[in-house]
Structure formats: structure tokens, C-alpha cells
Amino acid sequence: MAKFRFVCLLLLFAAGCTLAKVDVNVVSERTALENQVLGSYNSLNKDLLLVSSVRGVDPMGRVETPPRHSGEYKHAEEAMQTLAFHADDVDRFKRLGWVGENLDGLLTAFPLQKENVPEDLKDFAARYQSGEFETVLTQVNAARETVMGRVIEVNENFTAEDYPKIRKVFAKIHRDTALPGERIQLEDGTWSAKP
């Protein structure tokens with residue numbers, strides 16, 4: 001009889017227990033186009049990393065001839081190197097409000113405000129003159145254009161007609177990765193500080 005009561009109590013207890021309801025809301029999903037673009041871009045990034053890590057000497061100590069690549073590949077490799085080289089400067093430009101991410105996947109310049117600069121950027125801001133700033137910005141935008149073009153070249157699903165879509169994907173990626181306070185261009189063409 002005690003065993004029967006124990007089983008009944010156990011059943012009553014179990015009947016009172018419920019699983020918590022779990023609501024899953026997906027905030028953002030990448031589109032198939034974004035996934036294809038990111039896959040091609042990551043492939044370019046991986047290739048660059050492999051090229052920079054390859055040793056020029058085989059295990060026997062003989063100098064190896066580097067693999068031959070097309071002119072387009074080399075151009076894209078140089079573009080990725082340019083982006084990596086100027087990444088710190090671009091981050092600082094964004095923090096200072098000197099550039100913003102536009103709707104074409106490129107950077108847009110704003111006046112070089114050198115007042116009210118954060119303490120950690122004062123030396124940087126004082127050092128940069130407009131000519132050097134414009135040169136870096138031109139190089140970065142040209143490199144971004146090259147990378148966008150290379151994404152089309154290496155992905156069999158894209159053609160030159162997809163270039164405007166590729167630009168929009170890169171623009172979205174750059175806006176999404178912008179830090180709060182950095183300037184971004186909204187879909188209506190206006191500029192805002194990212195919240």
C-alpha cells in the first residue's frame with residue numbers, strides 16, 4: 001500500500017510539472033546571396049592567409065618556386081593586403097567621424113574635424129593631413145572595389161550584372177560591423193551615427 005501511495009504521489013507531482021515554453025526569435029538571417037558573397041570573400045581571405053604563410057624553402061632546404069597565379073588573383077591579393085595594411089587607420093577614421101560606410105560598400109569622406117578628439121586619438125589626428133587621408137581613402141576604396149569584383153569572378157553563380165547586388169551585400173556587412181557612434185548611410189540616403 002505504501003508503494004501504491006508513493007507511485008500516486010509521484011504521478012501527481014509529475015503531472016504538475018511542465019516544460020517551460022521556449023520562444024526562439026530569429027533576429028537576422030543571412031540571405032542566400034549574402035552567404036554566397038561571404039563564402040567567396042572568406043575563400044579570398046583564406047587564400048591570402050595561405051600565401052602569406054607558405055615557406056619558400058622545402059624540407060630539404062631547397063628554394064621552392066612559388067605557384068603561378070593569374071593577374072586577377074594577384075590584383076585581388078594586393079587588394080586584400082591593402083585592406084589589411086590600412087585597417088587600423090580606417091578604424092581610427094571611423095572613430096573620429098572622418099569617414100562613414102555608404103550604400104555602395106565604400107567609405108565616404110567627411111571633413112577632418114580635429115577638435116574634441118578623444119585623448120587616445122589626438123596624436124593620430126594631429127599627424128594626418130588631408131592629402132595623406134585622401135590617398136589612404138582612395139586606396140581602401142579601390143581595394144574594396146577589386147575585392148567585390150573578384151567575388152564575382154570566383155563564384156560561378158555571379159555575373160557582372162550582379163555587381164550592384166554584391167555592392168549592397170558588402171555595404172550591409174560594413175554597416176552591420178560598424179561600431180556604435182560610427183557613421184553609416186541609411187537606405188534613404190541620409191547619414192546617421194550607428195546606435
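Residues numbered from 1 in each chain as written. Predicted model: local features only at pLDDT ≥ 70, side-chain atom pairs only at ≥ 80, totals over all residues. Heavy atoms only, no water.

A separate point is unusual backbone geometry. A negative phi angle characterises most non-glycine residues, just as the trans form characterises most peptide bonds. In this model, Asn116 sits at a positive phi of 55 degrees, which is unusual for a non-glycine residue. Its place among the elements puts Asn116 in the loop between strand 2 (107-109) and helix 4 (122-127). (Helix = DSSP H or I, 4+ residues; strand = E, 2+ residues; numbered from the N terminus.)

Let's shift gears to the environment of Phe110. Along the chain, Phe110 turns up in the loop between strand 2 and helix 4. On the basis of relative accessibility, which here comes to 18%, the residue Phe110 falls in the buried class. Along the backbone, Phe110 and Lys94 are 16 residues apart, and their C-alpha atoms lie at a distance of 10.0 Å. Discounting chain neighbours no more than four positions away, the residues touching Phe110 are Gly97, Trp98, Val99, Gly100, Arg183 and Trp191. (Buried < 20%, exposed > 50% of the residue type's maximum accessible area, 1.4 Å probe, protein only. Contact = heavy atoms within 4.5 Å.)

Looking at the protein chain as a whole, the pLDDT averages 81, with 68% of positions reaching at least 70. Low confidence marks residues 9-27, where pLDDT is under 50. Its contacts with residues over four positions away, or in another chain, come to zero contacts. (pLDDT = per-residue confidence, 0-100.)

A word on the sheet that holds strand 4 (residues 191-193). Pairing is mixed across the open sheet formed by four strands, whose spatial order is 2-1-3-4. Of all the strands in the sheet, the pair left with one neighbour each is strand 2 and strand 4. For this sheet, the mean inter-axis angle between neighbouring strands, taken without regard to orientation, is 35 degrees. As defined by bridge partners, strand 1 (residues 99-101) adjoins strand 2 across three bridges and the pair is classed as antiparallel. Residue Glu101 lies in a different strand from strand 2, and its bridge partner there is Leu107. Strand contacts of helix 5 (residues 130-154): strand 1 and strand 2, with the helix running at about 160 degrees to strand 2, the strand carrying the most contacts. (Pairing = 2+ DSSP bridges. Axes fitted to C-alpha atoms, helices over the stretch in contact; angles between N-to-C directions.)

Another aspect to go through is the environment of His86. In this fold, His86 is placed in helix 3 (residues 71-96). Since its relative accessible area comes to 7%, His86 is described here as buried.

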